[in-house]
Amino acid sequence: MQSRFKHAALFSVKLLLSIAVLVYIARGLDLRQLRDHLVSVDPVLFVVALALIFVQTFVLNGRWELIMRALGVSLDWLAGWRILMTSLWFNQVLPSSVGGDAVRIWLLRQRGVQWPEAVKGVAADRFTALIGLVVLMVAGLPFLLSRVSNHAAILAIGGLTVAGVAGTLVLLTLDRLPKRFIALPAIASFVRFGTLVRFLLLQSERRALLFGSALLIHLVTAAACYTLARGVGAQLSVLDAGILIPPVVLLTAVPISISGWGVREGAMVACLGLAGVSSEEALSVSLLLGAISVIIGLVGGVIWLASPERGSYSADKVAKAAEDAPGYGLGNEASSHT
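So, here's what we can say about the structure. It should be emphasised that the depicted structure is a prediction, and the values quoted were computed from it without experimental measurement.

Parameters at a glance
- Throughout, a residue's number is its position along its own chain's written sequence, starting from 1.
- Whole-chain, interface and lining totals are the exception, using all residues; otherwise, since this is a predicted model, local features are given only for residues with pLDDT of at least 70 and side-chain atom pairs are given and counted only at 80 or more.
- Side-chain figures throughout are based on the complete set of non-hydrogen atoms in the structure, without hydrogens or water.
- Secondary structure is summarised from DSSP: a helix means a run of H or I of at least four residues, a strand means a run of E of at least two, and numbering begins at the N terminus for each.
- Burial classes follow relative accessibility: with a 1.4 Å probe on protein chains only, a residue under 20% of its type's maximum area counts as buried, one over 50% as exposed, and anything between as partly exposed.
- For this analysis, residues touch if any pair of their heavy atoms sits within 4.5 Å.
- Values of accessible area rely on a 1.4 Å probe in the Shrake-Rupley scheme; residue burial ignores everything except the protein chains shown.
- Take a side-chain nitrogen of Lys or Arg and a carboxyl oxygen of Asp or Glu: if they are within 4 Å of each other, that pair is a salt bridge.
- Between N or O atoms, a polar contact is any pair within 3.5 Å; within protein, one atom must be a potential hydrogen donor and the other a potential acceptor, and residues adjacent in sequence are included only when both atoms are from side chains.
- We call a set of buried Ala, Val, Leu, Ile, Met, Phe, Trp, Tyr and Cys residues a nonpolar core when their side-chain atoms join them within 4.5 Å.
- Exposure above 30% relative accessible area and the absence of a salt bridge qualify a residue for a patch, where like charges join within 9 Å and nonpolar side chains (Val, Leu, Ile, Met, Phe, Trp, Tyr) within 5 Å.

Description of the overall build of the chain
Working step 1: The helix and strand tally for the chain stands at 14 helices and 0 strands.
Working step 2: Listed N to C, the secondary structure of the chain is α-α-α-α-α-α-α-α-α-α-α-α-α-α in terms of helices and strands.
Working step 3: Each of the 338 residues in the chain was classed as buried or not, and the buried ones make up 50%.
Working step 4: Counted over contacts in the chain with a minimum sequence separation of 6, partners at least 24 positions apart contribute 78%.
Working step 5: Of the roughly 15,500 Å² of accessible surface on the chain, a fraction of 67% belongs to carbon and sulfur atoms.

Quick look at the pattern of salt bridges
Working step 1: Per the counting criterion, the structure on display carries 11 salt bridges.
Working step 2: Among the ionic pairs, R147 bridges to D240, the shortest N-O distance being 2.7 Å. Residue R147 is found in helix α6 (residues 115-147), and its partner D240 is found in helix α11 (residues 238-252); the two are separated by 93 residues along the sequence.
Working step 3: Since its relative accessible area comes to 11%, D240 is described here as buried.
Working step 4: Members of the salt-bridge network, linked through shared partners, are R63, D101, R104, D125 and R126.

Let's talk about the side chain of E265
Working step 1: Inspection of the secondary structure assignment puts E265 in helix α12 (residues 263-273).
Working step 2: Take E265: its relative accessible area is 0%, and that puts it in the buried class.
Working step 3: Within the structure, the side chain of E265 is placed 3.0 Å from the side chain of R264, a separation counted as a polar contact.
Working step 4: At a separation of 2.7 Å, a polar atom in the side chain of E265 contacts the side chain of S286.
Working step 5: Ignoring anything within four residues of it in the chain, the contact list for E265 reads L22, I25, G260, L283, S286 and L287.

Observations concerning the nonpolar core
Working step 1: Counting residues in hydrophobic clusters, the biggest one holds 45 residues, and the most contacted among them are L228, L244, I245, M268, L272, V285 and I292.
Working step 2: Among the elements of the structure, α3 (43-70), α4 (77-93), α6, α7 (151-172), α10 (207-231), α11, α12 and α13 (279-305) are those that each provide at least two residues to this core.
Working step 3: The element that contributes the greatest number of residues to this core is α13, accounting for 8 residues.
Working step 4: The residues contacting L272, other than those within four sequence positions of it, are L236, L244, I245, V277 and A282.
Working step 5: Within the second largest apolar cluster, 35 residues are counted, among which are F90, I131, I182 and L210.

Quick notes on a nonpolar patch on the surface
Working step 1: Taken together, L15, I19 and V23 make up a surface patch of nonpolar side chains, about 240 Å² in accessible area.
Working step 2: Residue position: I19 is located in helix α1 (residues 2-27).

Here it is as structure tokens:
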């Protein structure tokens, strides 16, 4: 009962934050102009963006399959994609205390995968995505400095990039710390996880393919945002999209709102504004991207309805299983584009 109350309270806080940020952004905008952008978006370009995000799910699944194979788990491609799509249904359309990653772990367990491999596989998938984002942000910094004159924005994005690099290096080198420190129960699991990710990216046979897919996924998101921007008439260049969308995705991945709503919109307005995109156009891009995520999630819902595991599903069971698993903060993910 106490656990259920805790989850309900956390969900309520996230929901209030999403609503508050959206209301705050909307207060300073021309809502009529915003509506015009949304209803007049080029349907062909919207479908192109939708197709890009749908194709992205195949790349996401390919990355995850590589990670699971490195863990010694043979995950059938179609089964993995079905599990991934189901997790998007829970994460994007049915946001609750049970996150999509927790559902992914539960579905793996239903297929006989042991807890350590299931949890490590999902966590490593998430962290590999974050490393890809950080790499793109580092690569984009020189272009950002040459194209943006807002020093506060440069400092903010630069600080976010530095924090990402520092956090990545700390996790990947935890095993180099004194043995007395890394033997602590609260640290030991992260040490093992950091060692696993380092192996995946530096020593595994398919490390180039794994790292390349991590980069490609975020470039596809940037391409979809560029397409949507053109669809609402915004003058956003391909280069600016490649530089400014990764920070948006990184901020959206912070699990403080419902499926990233609110945080994504605020980050999109702020970042695209650096490229001269109006707030109404930037917010339109973000809302349309959110709508595409919901559409993809609905496809996952259809797959879930036909899944044999649906009959044994229980939200309480999945939530408890996620709590009992030796996890790394899973179950509260925000973005479907990582």
